[in-house]
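Commentary on secondary and tertiary structure
Residues per chain, in single letters:
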Amino acid sequence: MSQTINKIYLHWTGTNYNWCVPGYYHTIILGNGKVRRLTGYDQTLKTHTYARNSNSVSICCSCMGGTAWQDFPPTEAQITAMCKEAATLAKNLGWKPTDINVTRVLTHAEAAANRDFSQELARRGSGVSLEVARRRGLPHDNYGPQRWHDGWPGGVADRWDWWQIKASDQGGVGGDILRRRIREFMEETADPEITRIERTPASSECKVFFNDKEICTGYLLSDHRCYVRLLDLIKPLKIEIGKVRGGSVRYINLFSEDFIPKYLADSPVINGFLTVDIYMNRPEDREGNPVDDRDFPSQPFMQGIILRGTTHVLLADFCNELGVKLAFGSQDRSLRMTR
């Protein structure tokens, strides 16, 4: 059963910049800003935010290991990518910029301190056990930072993710800074090059071949990235299609015994376009319902975007993931796939 997403939690790993292990967070941002979707947002993970894992999504930056603020402080590329990813997810969910508040989008420091509850109630969760806190109407005891800039009740400081964005920040302003940036990204206009594909596709068209046979039309951007309709790619490769889910968290499940994804593609962070998770061989029952487990979450191997009413993918990422060779023909602006 898919989860209903009510909250987005923002984390850091307390590691180096390259830590990227499935099963802990839905999406991890590496130090260079690369976005790795490790688990689809429709699935529940059991470890990311204590007593708050159901009906929520975790987006995390790999940083803050070693000596805090010295060895692996958050990079600007990470912060930007995390806020853009949260903005894209929020728009997919139908949230508006005004919905980005401490009730819906929290840092782990804020969640640990129960800042999505009233201050009076949160105070009743400080200095008590989990059992007592739950009897008092809270999800857990206060395990957040010991002090806040605004007098919020302090906790035991087990988690303080994004209490600050940088060491010189006042203690506790991190969440407000990140939410402001998320709202700004939600308000930005759509990527103009991709919008041009929707409005005047012929201006960007290029032919796509597989083993010297023309199979479809792609849409070429100025930097030679090419978007191609997913359905046009899978037929010549004899890849079958399973469940296609719409709604706020979209995904497509593909089936093939011949192709094994590498799970290296970055999640596209693109303003103004809905995204789609793409799986290979995600378990489905006979009615097409996904069968997942918290101990063995299913990982999409790439993401697509909705263009002209259907799912398109970056051709280079698709080919690289599945081990298909790709060459660009500069004379006729064609792209040629071979296997």
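Criteria and thresholds
Residues numbered from 1 in each chain as written. Predicted model: local features only at pLDDT ≥ 70, side-chain atom pairs only at ≥ 80, totals over all residues. Heavy atoms only, no water. Helix = DSSP H or I, 4+ residues; strand = E, 2+ residues; numbered from the N terminus. Rg over C-alpha atoms; globule rule 2.2 N^0.38 Å. Buried < 20%, exposed > 50% of the residue type's maximum accessible area, 1.4 Å probe, protein only. Contact = heavy atoms within 4.5 Å. Areas by Shrake-Rupley, 256 points an atom, 1.4 Å probe, with all protein chains shown as cover. Pairing = 2+ DSSP bridges. Axes fitted to C-alpha atoms, helices over the stretch in contact; angles between N-to-C directions. Phe/Tyr/Trp six-rings, centres within 6.5 Å; stacked < 30°, edge-to-face > 60°. Lys NZ or Arg CZ within 6 Å of the ring centre and 35° of its normal. Arc of directions from axis to C-beta. Polar contact = N/O pair within 3.5 Å; in protein donor to acceptor, adjacent residues only side chain to side chain.

The subject of this paragraph is the overall build of the chain. The secondary structure content of the chain amounts to eight helices and 15 strands. A compact globule built from 339 residues would reach a C-alpha radius of gyration of about 20 Å, and the chain, at 22 Å, matches this within 12%. Viewed in the frame of its principal axes, the chain has a C-alpha envelope of about 70 × 45 × 35 Å. Taken across its 339 residues, the chain has 53% of its residues classed as buried. Across the chain, the fraction of contacts at a sequence separation of at least 24, relative to all contacts at a separation of at least 6, is 64%. Here the chain displays about 15,600 Å² of accessible surface, and carbon together with sulfur accounts for 47% of that area.

Here we take up the sheet that holds strand β1 (residues 7–12). Reading across from one edge, β3-β2-β4-β1-β5 is the order of the five strands in this open sheet, with mixed pairing throughout. Of all the strands in the sheet, the pair left with one neighbour each is β3 (35–37) and β5 (105–107). Taking the axes of each pair of neighbouring strands and ignoring which way they run, one obtains an average angle of 20° across the sheet. In terms of strand pairing, β1 meets β5 through three bridges, oriented parallel. Bridge assignment links Tyr9 to a residue of β5, and that residue is Leu106. Helix-sheet contacts for helix α1 (residues 76–92) involve β1, β2 (27–29), β3 and β4 (56–61), and the interaxial angle to β4 is about 165°. Against the sheet, helix α5 (residues 174–187) engages β1 and β5, with an angle of about 140° to β5.

This paragraph deals with the environment of Ala81. If you trace the backbone, Ala81 turns up in helix α1. On the basis of relative accessibility, which here comes to 8%, the residue Ala81 falls in the buried class. Beyond its immediate sequence surroundings of up to four residues, Ala81 is in contact with Ile29, Gly33 and Val35.

In this section: the side chain of Ser204. Locating Ser204 in the fold gives a position in the loop between α6 (192–199) and β6 (205–210). With a relative accessible area of 8%, Ser204 lands in the buried category. When near neighbours in sequence (up to four residues on either side) are disregarded, Ser204 contacts Ile197, Gly218, Tyr219, Leu220 and Arg333.

Pairs of aromatic rings are described using the distance from one ring centre to the other and the angle between the two planes. For the coordinates displayed, the defined rule picks out ten aromatic pairs. A ring pair is formed by Trp69 and Trp160, whose centres lie 6.1 Å apart and whose planes are at 70°; its orientation type is edge-to-face. Residue Trp69 is found in the loop between β4 and α1, and its partner Trp160 is found in the loop between α4 (130–135) and α5; the two are separated by 91 residues along the sequence. Given the relative accessible area of 27%, Trp160 is considered partly exposed. Taken together, the ring pairs in this structure connect Trp12, Trp69, Trp160, Trp162 and Trp163 into an aromatic cluster. Of note, Arg37 hangs over the ring of Tyr41, and the distance from its end group to the ring centre comes to 4.1 Å. Positioned above the aromatic ring of Tyr251 is the side chain of Arg282, whose terminal nitrogen or guanidinium carbon lies 4.6 Å from the ring centre.

Where burial is concerned, most of strand β11 (residues 275–280) is hidden: six out of the six residues are buried. Burial of the side chains of β11 extends over both faces: Thr275, Asp277 and Tyr279 are buried on one face and Val276, Ile278 and Met280 on the other. With five bridges connecting them, strand β10 (residues 250–255) and β11 associate as parallel partners. If you follow Arg250 over to β11, its bridge partner there is Val276. Relative to strand β12 (residues 302–307), β11 runs antiparallel, the two being bridged by four bridges. Bridge pairing in β12 links Thr275 to Ile305.

Moving on: α6. Among the residues of α6, Ile194, Thr195 and Ile197 are the ones counted as buried. The arc enclosing the buried residues of α6, seen along the axis, measures out at 150°, which places them on a common side. The outward face of α6, more than 90 degrees from its buried face, is lined by the exposed residues Pro192 and Arg199. Buried-residue contacts for α6 involve β7 (213–220), β8 (226–229) and β12. The backbone nitrogen of Glu193 has a side-chain oxygen 3.0 Å away, supplied by the residue at the start of α6, namely Asp191.

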